Amino acid sequence: MTIDGRLVRESIDPSALVREVARSAHGAIVLFLGVVRDVNDGRAVAGIEYTAYEAMACSELRAIAREAADRFGSSDVLIVHRLGELSLEDASVGIAVAHAHRDEAYALSRWTIEQLKRRVPIWKQEHYVDGTRDWVDPSGRSVAGVTP
Amino acid sequence: MTIDGRLVRESIDPSALVREVARSAHGAIVLFLGVVRDVNDGRAVAGIEYTAYEAMACSELRAIAREAADRFGSSDVLIVHRLGELSLEDASVGIAVAHAHRDEAYALSRWTIEQLKRRVPIWKQEHYVDGTRDWVDPSGRSVAGVTP
Amino acid sequence: MSVTVLLFASYADAFGSPSVSLEIAPGATVADVLAACRQHPGGDRLPAAPMVAVNQRYAAVSTPVHAGDEVALIPPVAGG
Amino acid sequence: MSVTVLLFASYADAFGSPSVSLEIAPGATVADVLAACRQHPGGDRLPAAPMVAVNQRYAAVSTPVHAGDEVALIPPVAGG
């Protein structure tokens, strides 16, 4: 059984994540991948650097996986978040969940990514095609004067 | 761009499906896998044989992929269904969808699997651990006298 | 005219064959094909309103059937 | 007593450092740590109510801070 969260620096392998959560009791597997897009808020993106408060991010990822598994019962949950320099189309996060039934597998996957985006101390600095860089603040608040 | 549906006889490779729908315009990829479970309706399952009205199943899979892509706009959709003898933990269906945003990617994935289960002329005969076999009828109607 | 009806899964088991050949009158519809199928050995096992495809598309009972059409009875589907 | 506060991402940029060392009184809380941070060069750039973690868990402003605790200011998270 897999209920785990990890930070990695190498690329995320979808088949490997799926393999870790597959069990013969599960009829449905949902894999979510967050991927570096070429445009964000209208600006052309060249790449993203992810950093984290690593010890806390790891323990939050594990806590989310555990809470997800407890919420829906008899599930396998694996969350992997990548750190470092990512290029377009690289996956930054992979969430693999498996459950007997698909209703629960989808709900679990969705709950897990929303929790991750809310709680896990990971940050991203977007590098734009025009050479500028900016910390991304999904909350809309930003540190006055820090962004160029 | 990938908007396609296929029947296959070999095992489904999650990474290959993901690769086909990934594009730099997409920020979210959702992969759904339906997997052979060890129990169905309380009976211990040893394996499943999938058969299809192949020409029509193929065209229905393609039609669903096209309708899904039209519904949510700017999406890549790939549906692969396996036929033949499957063992426990084998994936019978793989649906990979990609969209700029995760809300749409999840909705697309969900819509696609529900349509597949409703429309595509594919049948499964479960083989039970006790040696019996039965056609699975998710609708609850069955052909009188055909099931053992 | 003669029409071949494709059978799959539990229906093929019921009829003991992957297809049956039927004689139907010109101007016949899916309803007529179904009535002829029920006269066939095993046809009594069909449900009240089986799904039917004509030329690989789901058809209504009122859909006309012409010589050369590909007609298929579709058992309850179970993909996924 | 002396407390080291970890800084990340935009906050580390604001302070020009990945951590700051502060002197706070025994019995101090997260609120006191935040007040001391604001006196530091760059501390004026902190938002009104930044998130704070004590020993790698999110903490309230009323959470006590002891010598040896790991205190961190957490900029708006952006994982995923």
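Residues numbered from 1 in each chain as written. Chains lettered and ligands numbered in written order. Predicted model: local features only at pLDDT ≥ 70, side-chain atom pairs only at ≥ 80, totals over all residues. Heavy atoms only, no water.

*Asks:* Explain the overall build of chain A here, please?
*Replies:* Within chain A one finds three helices and nine strands. Along chain A, helices (α) and strands (β) appear in the sequence β-α-β-β-β-α-β-β-β-α-β-β when read from the amino end. At 16 Å, chain A has a C-alpha radius of gyration in line with the 15 Å of a compact globule built from 148 residues. Each of the three principal axes of chain A carries a C-alpha extent, and together these read 50 × 25 × 25 Å. Sequence separation of at least 24 residues holds for 74% of the intrachain contacts in chain A that already meet a minimum separation of 6. Side chains of chain A give 18 positive and 22 negative charges; the mean places of these two sets differ by 3 Å. (Helix = DSSP H or I, 4+ residues; strand = E, 2+ residues; numbered from the N terminus. Rg over C-alpha atoms; globule rule 2.2 N^0.38 Å. Contact = heavy atoms within 4.5 Å. Lys, Arg positive; Asp, Glu negative; His and termini not counted. Charge placed at Lys NZ, Arg CZ, Asp CG, Glu CD.)

*Asks:* Before we go on, may I ask you to explain the interface of chain C and chain B in this structure?
*Replies:* Buried accessible area, meaning the area lost when the parts come together, often serves as the stated size of an interface. The interface of chain C with chain B comprises 21 residues on the first partner and 30 residues on the second. Contact between chain C and chain B buries roughly 2,100 Å² in total, counting both sides, with carbon and sulfur atoms accounting for 63%. There are ten residue pairs in polar contact (both at pLDDT 80 or more) connecting chain C and chain B. Broken down by secondary-structure element, the contributors of at least two residues to the side of chain C that touches chain B are helix 1 (9-15), strand 4 (57-59) and strand 5 (71-74) of chain C. Here the element with the most residues in the side of chain C that touches chain B is helix 1 of chain C; it accounts for five residues. Looking at the side of chain C that touches chain B residue by residue, the classes come out as 13 nonpolar, four polar and four charged. (Buried area = accessible area lost by both parts, 1.4 Å probe. Polar contact = N/O pair within 3.5 Å; in protein donor to acceptor, adjacent residues only side chain to side chain. Nonpolar A, V, L, I, M, F, W, Y, C, P; charged D, E, K, R; others polar.)

*Asks:* Explain the relation of the copies chain B and chain A to me, please; I cannot follow it from the model alone.
*Replies:* Superposing the two chain copies requires a rotation about an axis and a translation along that axis. Of the transformation superimposing chain B on chain A, the axial component is 0.0 Å and the angular component is 180°, with the fit at an RMSD of 0.0 Å. Put plainly, the chains are arranged around a two-fold axis. An overlap of 100% is found between the interface residues of chain B and their copies at the interface of chain A, pointing to a shared contact surface. (Least-squares fit on C-alpha atoms with pLDDT ≥ 70 in both.)

*Asks:* Would you mind going over the arrangement of the chains with me for this structure?
*Replies:* Here three pairs of chains make contact, and the pair sharing the most contacts is chains A and B. One thing to see here is that chain C and chain D don't touch, and their nearest C-alpha atoms sit 29 Å from each other.

*Asks:* Is there a simple way to think about the interface of chain B and chain A in this case?
*Replies:* Across the boundary between the two partners, chain B contributes 33 residues, which contact 33 residues of chain A. Taken as a group, S24, R102 and Y106 of chain B account for 24% of the area that chain B buries against chain A, more than any other trio of residues on that side. Run the count over chain B and chain A and you get four salt bridges. In this structure, R110 of chain A engages D103 of chain B in a salt bridge whose closest nitrogen and oxygen atoms are separated by 2.4 Å. Residue assignment for the side of chain B that touches chain A shows that the elements contributing at least two residues are helix 1 (14-21), strand 2 (28-35) and helix 3 (102-119) of chain B. Residue composition of the side of chain B that touches chain A, by class: 16 nonpolar, seven polar and ten charged. (Salt bridge = Lys/Arg side-chain N within 4 Å of Asp/Glu carboxyl O.)

*Asks:* How do you make sense of the packing of helix 3 (residues 102-119) of chain A against helix 3 of chain B when you look at a structure like this?
*Replies:* When two helices pack together, their arrangement is given by the angle between the helix axes and by the axis-to-axis distance. In the contact formed by helix 3 of chain A and helix 3 of chain B, the axes pass within 12 Å of each other and the chain directions differ by 175°. What the angle tells us is that helix 3 of chain A and helix 3 of chain B run roughly antiparallel. In this structure, helix 3 of chain A uses R102, D103, Y106, S109, R110, I113, E114 and K117 of chain A to contact helix 3 of chain B, whose residues at the interface are R102, D103, Y106, S109, R110, I113, E114 and K117 of chain B. (Axes fitted to C-alpha atoms, helices over the stretch in contact; angles between N-to-C directions. Parallel < 35°, antiparallel > 145°, perpendicular 65-115°, else oblique.)

*Asks:* Looking at this structure, how should I read the pattern of salt bridges?
*Replies:* Side-chain pairing between opposite charges can occur once the charged atoms of the two side chains come close. Scanning all chains against the criterion turns up 26 salt bridges over all chains. Notably, a salt bridge pairs D4 of chain A with R62 of chain A, separated by 3.4 Å at the nearest N-O pair. Highlighted residues: D4 of chain A in strand 1 (residues 3-8) and R62 of chain A in helix 2 (residues 54-72), separated in sequence by 58 residues. Here R62 of chain A falls in the partly exposed class, since its relative accessible area comes to 45%. A salt bridge links E54 of chain B to R9 of chain B, with the nearest nitrogen and oxygen atoms 2.9 Å apart. Pair noted here: E54 of chain B is in helix 2 (residues 54-72) and R9 of chain B is in the loop between strand 1 (3-8) and helix 1, with a separation of 45 residues, a long-range link. Taking the relative accessible area as the measure of exposure, E54 of chain B reaches 40% and is therefore partly exposed. Of the residues examined, R9 of chain B reaches a relative accessible area of 53% and is grouped as exposed. Sharing partners across several salt bridges, the network here consists of D4, R6, E20 and R62 of chain A. (Buried < 20%, exposed > 50% of the residue type's maximum accessible area, 1.4 Å probe, protein only.)

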